[in-house]
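For reference, the chains in residue letters:
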Amino acid sequence: MMKKSLAILLSGTMLLSAAFMTGCGGGSSSEAPKSSAASEASTPASSAAPEASEAGSEAPASSAAPEASEAGSAAPAGDVNVPEAAKASYEKLLAAEESLMTTDNHPMMAEGLSFDVPAVDGDAAAMEELPETDKNHWHYKEYLDWDQSADAQFPESPADGQEGKKVILIVHGAHAWTTCYTEAFKAACDAVGMTYDIYDPNWDQANQDSYVDQAINERPDAIVVIPVSADHATQQFKKITDAGIPAFCSNTTPEADAMNFIISYTGPNDWYQMRTLAAMLGESMEGKGGVAYITHNVGGSPYYARCYGPMTELAEKYPDIETLDIQSPGFEASEVKQVVADWITKFGDKLNAIVLADDSDQAIGAVEACQAAERTDIKIVAAGISKQGLELVKSGDLFGMSYQTCQGDAGLAVRTVSEWFCGIDVARVNYLSTDIATKDNASSFEPCQW
Amino acid sequence: MSEVKKNENTTAPKVDTRKTEINKFTLLFNKLGIWIIVVLLIVVGLIVSGGQFFGKSNIQSILEAVALVGMVCAGLFYVTYSGNMTDMSVPITMAFGGVMAVQCINFGFVGAIVVGLLAGALIGVINGFMIGKMRANAIIWTLAVNLLISGVIRVVWQGKMLYAEDIAREDMQDSANLFYSISRTYIGGVISLMAIVMLVMFFISWIIHTKTGFGQKLKIIGTNYEVAKFSGINCTRQLMIAYVINGLCSATAGIFYAALRKCASYENGTGYDFDALTAILLGGVSLNGGKGSIAGTIGGVLAYGMLNNILSWVGLGTYSKYLVQGIVFLFIVWLNTYSNRKLGKA
Amino acid sequence: MEKKNFKLNAAFINRNRSYLLLVLIMICGLFAKNFYTPYNIQAVTGNGSLVIWLGLGFTIVLIAGHMDMTVMYMSTFAALLTLGLHADQKLPWLLCVIIGALMGVLNGLIMGLLVTKLKIHAFIASIGMQLVLRGVMYVYCNGKELSIGKDYTWNDMLNGKLIPFLPLSTYFIITTIFIFGVMVILRYTRLGRNIHMVGGNAETAWLAGIKSDMVVIAAFVISGLAAGLGGALNGIYSGAANVTMGEKGISPFYMAFTACVIGGTDIYGGKGSVIWTYVSLIMIAFLKALCKSTELQVLVIGAALVLCLVYETVAKYNRDKVLGRRPNLYIEYKNETGNAK
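This is a predicted model, so every value here is computed, not measured.

Helices and strands together make up the secondary structure of chain C, namely 16 helices and two strands. For 341 residues, the compact-globule formula gives about 20 Å, and the C-alpha radius of gyration of chain C, at 21 Å, lands near that figure. Taken along its principal axes, the extent of the C-alpha atoms in chain C is 80 × 55 × 45 Å. Among the 341 residues that make up chain C, the fraction classed as buried is 62%. Long-range contacts, defined here as pairs at least 24 residues apart, represent 74% of the contacts in chain C between residues at least 6 apart.

Here it is as structure tokens:
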């Protein structure tokens, strides 16, 4: 009896849960255009903003945009040619740009920046021959220096504005950063009048692959991906572009070859920031001493940027600074603490500075190890801008960290997608504005975004 | 009849050629077990580090590194000891304990800790019921629980990370700070609170194991379940207690972990199942159950921490460490099984 | 052929639960938007293929009465090796795939020897091998990601359709063929029957004259081969491989394991079929496509696993009661039914 009733119970539960899920699957898309608090900002889509001021806000600091011109797309100089059909949408975008602010009071949808790509002779294989401390060794990782003749056939922009378009965002995984990013993405989408769907593969590569397939299956108007891994990105973006859907890449840099299939990349210039940070660190160390590195997840773009970026910079400017060790203990405070404690015992006074790839868990572990060993003289720098990190900066435990606006990142992605829908030529690479947070200017980054 | 025939057929008297004497080495290893390895590791460590191995900071570093694993081991010992191999739901018990403690920080510091511990005990009760009463396969069941509770935490908190100071009300910020500080307190400025808690837990565990009826009963259950059943031991209850102790210990580790990390999420505690099992097996606790001691487990935990420490002294990267750890693990487990078999204990 | 009695009862439902669940998911799919598009079916089955290879390996070892948790790392290693050999040594794809599969075989052999000759419990041995494999992988590729580069020939081939009108990728079809091959081995050859027998009762099998050690090693080798070959092909199919594959999210190992249990393979060994696992894994693949958020996927898969386990355990508990294998329970049972003296 019990067996039978259990079986019935089992199948019944299965049926219920399946029905529940189906409901969720169907319902999520209709839920999407829910108005969030931030969308209030989108209402004043007045036509008050004259054409001239549009042009003014459109011609930003990036007067030198060599990549854009190289890509064959005319840089937006002076008037922006917006097709008639997209005028209303474009004005909405401009209104959103003015009104949306990040929680720490920086503009959320600011114009992206470009950086010069230095020339190197030789391909990626030739560069790998160089020593790891040579800047050029990492050239193809640092700059999205791709072969533009191999560009795929991109889909044409509809040039009728972004309003009513559907975007699918595939993030990399659940994290406080991601939550902040997706909230900002939603707010920005609401402000410019796009609908959205967000997939979260939980840091799993295979999962992200299947989400890309699902996203293509939904046939949205555009897909934005934050790739989990740089190498997989090529395949993912190839799939999307082959399916005739415009592909945008956000935040983490893909392999340079993947750019052949990406309409535009938006995100922080990690390498540049880490170099700036390293220069600052080198100056404060007066050009001598030993540095140890704790890396990001091995293999991802932040791994290279946040370990070898500062290393090459220090090697170039301050050749007396010694690299002691590189370890990848992951993101557990206790593991990092142990690694740092071991370093302190092992290297003793030779250890003068530590470069971290993360300013939350890793920073907590490293700072605590130094405090436990009463080695507060060790200078620690980190990448990122989290609440824990900023508190450590304010208390002086962290010497400095790079400021990467998370909400601005999402804003820039939405902005780029919208511009593309409006028929404007978008730059192939858009970087966020950069900054370094130290004890002196920490207050300008408060309250923290995440 | 048949016996007579047999005798007729055999021409020469049969000599029993089976070995009866016991290898000295296996006996020694079986008695002293892990502490030989601990001494060995200390010697190696002294050589590698050039005498700094016993420095204050290094001892501190080893103790802190093993504190969390040690806390888990103090409870997991009973599961292995009772013949149920291991508890694969340790990671999620840790995560759940941490998440619940942080979520309930508004009940005050003590309330949060109690809720966290209760959460761990709850998982212990579920495991204990299914494994003790229903005799489910321990590994498979705990794997399933791990997946299920992980799903529950992910869905309920949407994969977010929980920060105590965000959840705490204005007047409760003090308890949030107190919560964070438990992983950062140093008794007398030398030994961290975590290490003390670990040692206290081991001490309690040792008393339970050696001085109470529960420990004795568990030994019989671990050695032979059926025999235990027929000698009138309430196996279900003992196993339930074992799993609840395990849940409590894992949750304690999880709370300290959340405090150390300053945030709680579903991924806290990943990998601690294998780490703790490694330490326990190094300590000579038999997977078949009924054999092992708390002293051995402490040795295993220390050996595990010292091995890591020595490997970083040698200068191996995080990932080459895995290779060495794996080989050492396999070797020691083999040595354990081998010496047990030679002594006819397994 | 003799016609079997067909009865729609709990036993029937239980026996065919993997098929019924698949049907259930397919019915649910009718209500979801964009579910029955050729693209979706091709993508879902293709992406689910890696787990099918792992599930295959896991099932065989489980039937033989052991647990092999290394399958996931084995396949990752095979994928890394395949891509690495193609990129660095410029070997042709076929050779790379064969080497990747052979590496899986080697690993299966080591596992088999550890379990049978050194008498280490399979579960523990696989934990140790996991660590070793991880170390070896990192040493091999330095933590870097490896990709197929710009050579899309095999990638396109595996992603493309083998039969023009059927929306199934070549990779999935290869998987299916391999699965049926293994099913034939398990069901109709001496080796296959021996694997079942050793799993059911190793001692009896040994007494019956089966070289149980060899059989267990063979089971591990087949498992290694499946994981290696599947991993190698998956590396090419998905275009890149990295060391941390599957360490986050729902690991492929968990899905393979869940499918084994849902499919009905006995967790104590001796009973099971790769087809059950295969069907359950296809079911899980579609289930994942059906519930969009990862959180929900984990919960639903976990709930399904726990429900099946509870059912099995309770059924076994009751069986033990009735059969009198545990006399004290038998008395309880008698008391319940009122037959006790």
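A word on the state of the cysteines. The full count for this structure, using the stated rule, is zero disulfides over all chains. Summary of cysteine pairing: A:Cys422 is not part of a disulfide, and the nearest cysteine sulfur, belonging to A:Cys189, is at 13 Å. Judged by relative accessible area, which is 0%, A:Cys422 ranks as buried. Just so you know, C:Cys141 is unpaired, no disulfide at all, and the nearest cysteine sulfur is the one on C:Cys96, 15 Å from it.

Our focus in this paragraph is the sheet that holds strand 10 (residues 400–403) of chain A. Residue and element names in this part refer to chain A. On the basis of which strands lie adjacent, the open sheet formed by six strands has the order 7-6-8-9-10-12 and mixed pairing. Looking at which strands have only one partner, the edges of the open sheet turn out to be strand 7 (321–327) and strand 12 (435–437). Shown here is a sheet whose adjacent strand axes are inclined to one another by a mean of 20 degrees, direction ignored. Pairing of strand 6 (residues 289–294) with strand 7, which is carried by six bridges, proceeds in the parallel orientation.

The next subject is the environment of C:Ala218. Examined against the element boundaries, C:Ala218 turns out to sit in helix 12 (residues 212–238). Expressed as a C-alpha distance, the spacing of C:Ala218 and C:Leu309, which sit 91 residues apart in the sequence, is 28 Å.

This part is about the interface of chain A and chain B. Counting residues at the interface gives 25 residues for chain A, matched by 35 residues for chain B. Both sides together, the interface formed by chain A and chain B hides about 2700 Å², and carbon and sulfur atoms give 44% of it. On the chain A side of the contact with chain B, A:Gln338, A:Thr345 and A:Lys346 bury the most area, a combined 20% of that side's loss. Run the count over chain A and chain B and you get four salt bridges. Taking the shortest distance from any N to any O, the salt bridge between A:Asp361 and B:Arg261 comes out at 2.5 Å. At the junction of chain A with chain B, the criterion picks out six residue pairs in polar contact (both at pLDDT 80 or more). Element by element, the count of residues in the side of chain A that touches chain B is highest for helix 12 (residues 333–347) of chain A, at eight residues. Its residues assigned to classes, the side of chain A that touches chain B shows nine nonpolar, nine polar and seven charged.

All names here are of chain B. A contiguous nonpolar patch, built from Val 39, Val 43, Val 44, Ile 47, Val 48 and Val 314 and spanning about 500 Å² of accessible area, is present on the exposed surface. Broken down by element, the residue count for the nonpolar patch peaks at five residues, all from helix 3 (residues 34–49). One can find Val 43 in helix 3. According to the relative accessible area criterion, Val 43 is partly exposed, its value standing at 43%.

Rules behind the numbers
- Residues numbered from 1 in each chain as written.
- Chains lettered and ligands numbered in written order.
- Predicted model: local features only at pLDDT ≥ 70, side-chain atom pairs only at ≥ 80, totals over all residues.
- Heavy atoms only, no water.
- Helix = DSSP H or I, 4+ residues; strand = E, 2+ residues; numbered from the N terminus.
- Rg over C-alpha atoms; globule rule 2.2 N^0.38 Å.
- Buried < 20%, exposed > 50% of the residue type's maximum accessible area, 1.4 Å probe, protein only.
- Contact = heavy atoms within 4.5 Å.
- Disulfide = S-S within 2.5 Å.
- Pairing = 2+ DSSP bridges.
- Axes fitted to C-alpha atoms, helices over the stretch in contact; angles between N-to-C directions.
- Buried area = accessible area lost by both parts, 1.4 Å probe.
- Salt bridge = Lys/Arg side-chain N within 4 Å of Asp/Glu carboxyl O.
- Polar contact = N/O pair within 3.5 Å; in protein donor to acceptor, adjacent residues only side chain to side chain.
- Nonpolar A, V, L, I, M, F, W, Y, C, P; charged D, E, K, R; others polar.
- Patch = residues over 30% accessible without salt bridge, like charges linked within 9 Å, V, L, I, M, F, W, Y side chains within 5 Å.
- Areas by Shrake-Rupley, 256 points an atom, 1.4 Å probe, with all protein chains shown as cover.

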